[in-house]
Structures are given as structure tokens and as C-alpha cells.
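Understanding the architecture of this molecule
For reference, the chains in residue letters:
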Amino acid sequence: MIIVKEKPLDEILGFLLPYESILIVGCDGCTQPPRGLREAMTYAMLIEMRAKIKGKTNLKCRATTVSMQCDNHICSTTLTPQLEGIDAILSLACGVGVQTLVEVFPEIPVYPGQNTVFVGSQEREGGTMHEKCKACGECLLGETGGICPITNCPKGILNGPCGGCVDGKCEVPFEIRDESGKVVKTIVKDCAWYLMYQRLKKLNRLDLFRKYRPPRNRAISSSPRLLEVV
Ligand code: SF4
Ligand code: SF4
């Protein structure tokens, strides 16, 4: 799932104040936390209230959602009939959804309501999100016991572990930061390559652990990339 985090309401309002009629578009796809119709309706109410507090009484919001905001055909067929009289769109999807709406409706201003954080998975208890994939274009999971060295090893080492693995722990502290970038928590994490070793040993595939991997082909993961679906 794609992890998103709400933008501050005042930042959103900064985008929307020049307009009067806004369509808030949720996405029923993979954003986490969910950003579907219910959330779009909540945003509509909050934005109208906040605009009134700021003296803008004529700002009206309508809420809707699409099943996948990253699909231009779905966006076009679902949203085109709803755009009559709309001055601007606020997307609650990830950055891909926002860019899809920009391409499908080039004549309408589209603004992001979320900050896209990373591609990850959710730990139910505690609500922690873990980054799992950087979409590197050359997936190594088949050789690494299903543990991604690109996202789980801070150095992105392909032939590990480095010399800094002590008692199975990584030498690079894992830092959780607040909005301003200040470190609020530091965690000592397991070395990704240590975890790989344990896993591949269990699978009786230590041959994969010993296998030499040449430097990655950065050309396939450098931006911007284009993917042709056949
Ligand atoms: S190796 Fe890691 S970053 Fe690359 S595609 Fe696989 S899971 Fe994603
Ligand atoms: S200790 Fe392990 S996880 Fe940490 S940087 Fe070295 S190889 Fe990567």
C-alpha cells in the first residue's frame, strides 16, 4: 500500500482559497490510511468550516471518490460527469493519483491533500508503517529470502553484511523524525543481511547468500522512467 499523511489544513486552504467550488476526490485504491468517500466528506466539511473562519464564506466543497485514482480511464469516466461548475480539484490520493488527474483534466487546477510518504506495509498493533519497497525495477527478493536489501539495509548493500553488523544489529541507528526533521526516537534495528542469513539458512539456500551480486543497473531505476504495458 502507498502510505500517505494528511497535509496541514491551512496548507490545503492556501491552495483552495482563490476558488469557490471544489471537488474533493478520494481514492478507494491502496492509500493507507484510507482516503475514500468518507474521508473526502470529512475533508469537505473541515475545509468549508476553516474557510469560513478565515472569512471566505462562499467556498463550497463536494466530495466524491474513484476506485483507483492512478487509472486515467477510471478517473475520466467517473469524474467527467461531476465536474460541471467545479473550479478546482483536491486529490486525497498519493502523488501518482494527483498527477493522473492533472493529465486527465488539464484545464482544471488539481491540488494534493496528502504527502506521499512511502510504499510500505502496516503493522496492525501500534499502527506503525514500515517502508518495504522503493520500486527499484530489479527485484532481488527471490535471492534474498524475501527480505529487501534496498529498503531494509540503510546502505543498500547487495553483498552483505558490512563490517558494522554486531550481534545481528545494524550499526546505523534508525531515526524517526517529526515534521520539522527533528529526531524524536532512535531505534537499533536488526541487520537486514543478518535476517537474510537466518532466513536463507532455514530455507537451506545459503548458496544464495554467498552468491556475488554485481553493482545494480542504475539505468533502469533512474528517473524519469517510462513503462510500456503490452
Ligand atoms: S528489491 Fe526491494 S526495492 Fe527493489 S523491487 Fe524488490 S522489494 Fe522493491
Ligand atoms: S549492518 Fe547490516 S543492515 Fe546495517 S548497513 Fe551493514 S549490512 Fe546494512
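In short, a report on the structure. Every chain is numbered independently, its residues counted from 1 as its sequence is written. Each chain is given a letter, starting from A, and each ligand a number, starting from 1, according to the order in which they appear as written. Local features in this predicted model are restricted to residues whose pLDDT is 70 or higher, and side-chain atom pairs enter the listing and the counts only when it is 80 or higher, whereas totals over whole chains, interfaces and linings include all residues. For side-chain calculations, the full set of non-hydrogen atoms in the structure is used, while hydrogens and water are omitted.

**Let's talk about the site of ligand 1**
Spelled out, the test is: Whether a residue is near a molecule or strand depends on its heavy atoms: if one lies within 4 Å, it is near. Gly is placed with the polar residues, together with every amino acid not listed as nonpolar (Ala, Val, Leu, Ile, Met, Phe, Trp, Tyr, Cys and Pro) or charged (Asp, Glu, Lys and Arg).
Around ligand 1, a shell composed of Lys132, Cys133, Lys134, Ala135, Cys136, Cys139, Leu140, Leu141, Cys148 and Ile150 is seen. Residue composition of the shell around ligand 1, by class: 8 nonpolar, no polar and 2 charged.

**Notes on the pairing of strand S9 (residues 174-177)**
Remark: a regular strand shows side chains that alternate across the two faces of the sheet. Going by this rule: DSSP calls a pair of strands paired once it identifies at least 2 bridges connecting them. Secondary structure elements are defined from DSSP: runs of H or I of at least 4 residues count as helices, runs of E of at least 2 residues count as strands, and each element is numbered from the N terminus.
In terms of strand pairing, S9 meets strand S10 (residues 183-187) through 4 bridges, oriented antiparallel. Among the inter-strand pairings, isoleucine 176 is bridged to a residue of S10, identified as lysine 185.

**A look at the site of ligand 2**
For clarity, the threshold we go by: Here the term cavity refers to a set of points on a 1 Å grid, laid over the protein atoms alone, in which a 1.4 Å probe fits but cannot get out; the term pocket refers to an open set having protein on both sides within 12 Å along at least five of seven lines, with lining residues being those that place an atom within 4 Å of a point. More than half of a molecule's atoms within 2 Å of the grid points is what it takes for that molecule to sit in a cavity or pocket.
Every residue close to ligand 2 is listed here: Cys153, Pro154, Lys155, Pro161, Cys162, Gly164, Cys165, Cys170, Glu171, Cys191, Ala192 and Trp193. Most atoms of ligand 2, that is more than half of them, are within 2 Å of grid points of the largest cavity.

**Considerations on the packing of aromatic side chains**
Rules: Paired rings are identified among Phe, Tyr and Trp, the last through its six-membered ring, by centres lying within 6.5 Å, and are further divided according to the angle between planes into stacked (under 30 degrees), edge-to-face (over 60) and tilted (the rest). Note on classification: 1.4 Å probe, protein chains only; a residue is buried when its accessible area is under 20% of the maximum for its type, exposed when over 50%, partly exposed between these limits.
Enumeration according to the criterion identifies 4 aromatic pairs in this entry. On the basis of an interplanar angle of 10° and a centroid distance of 5.2 Å, the ring pair of phenylalanine 15 and tyrosine 111 is categorised as stacked. Within this pair, whereas phenylalanine 15 is found in helix H1 (residues 9-16), its partner tyrosine 111 is found in strand S6 (residues 110-112), the two being separated by 96 residues in sequence. For tyrosine 111, a relative accessible area of 19% corresponds to the buried category.

Spatial relationships are all this shows, so hold off on functional conclusions.
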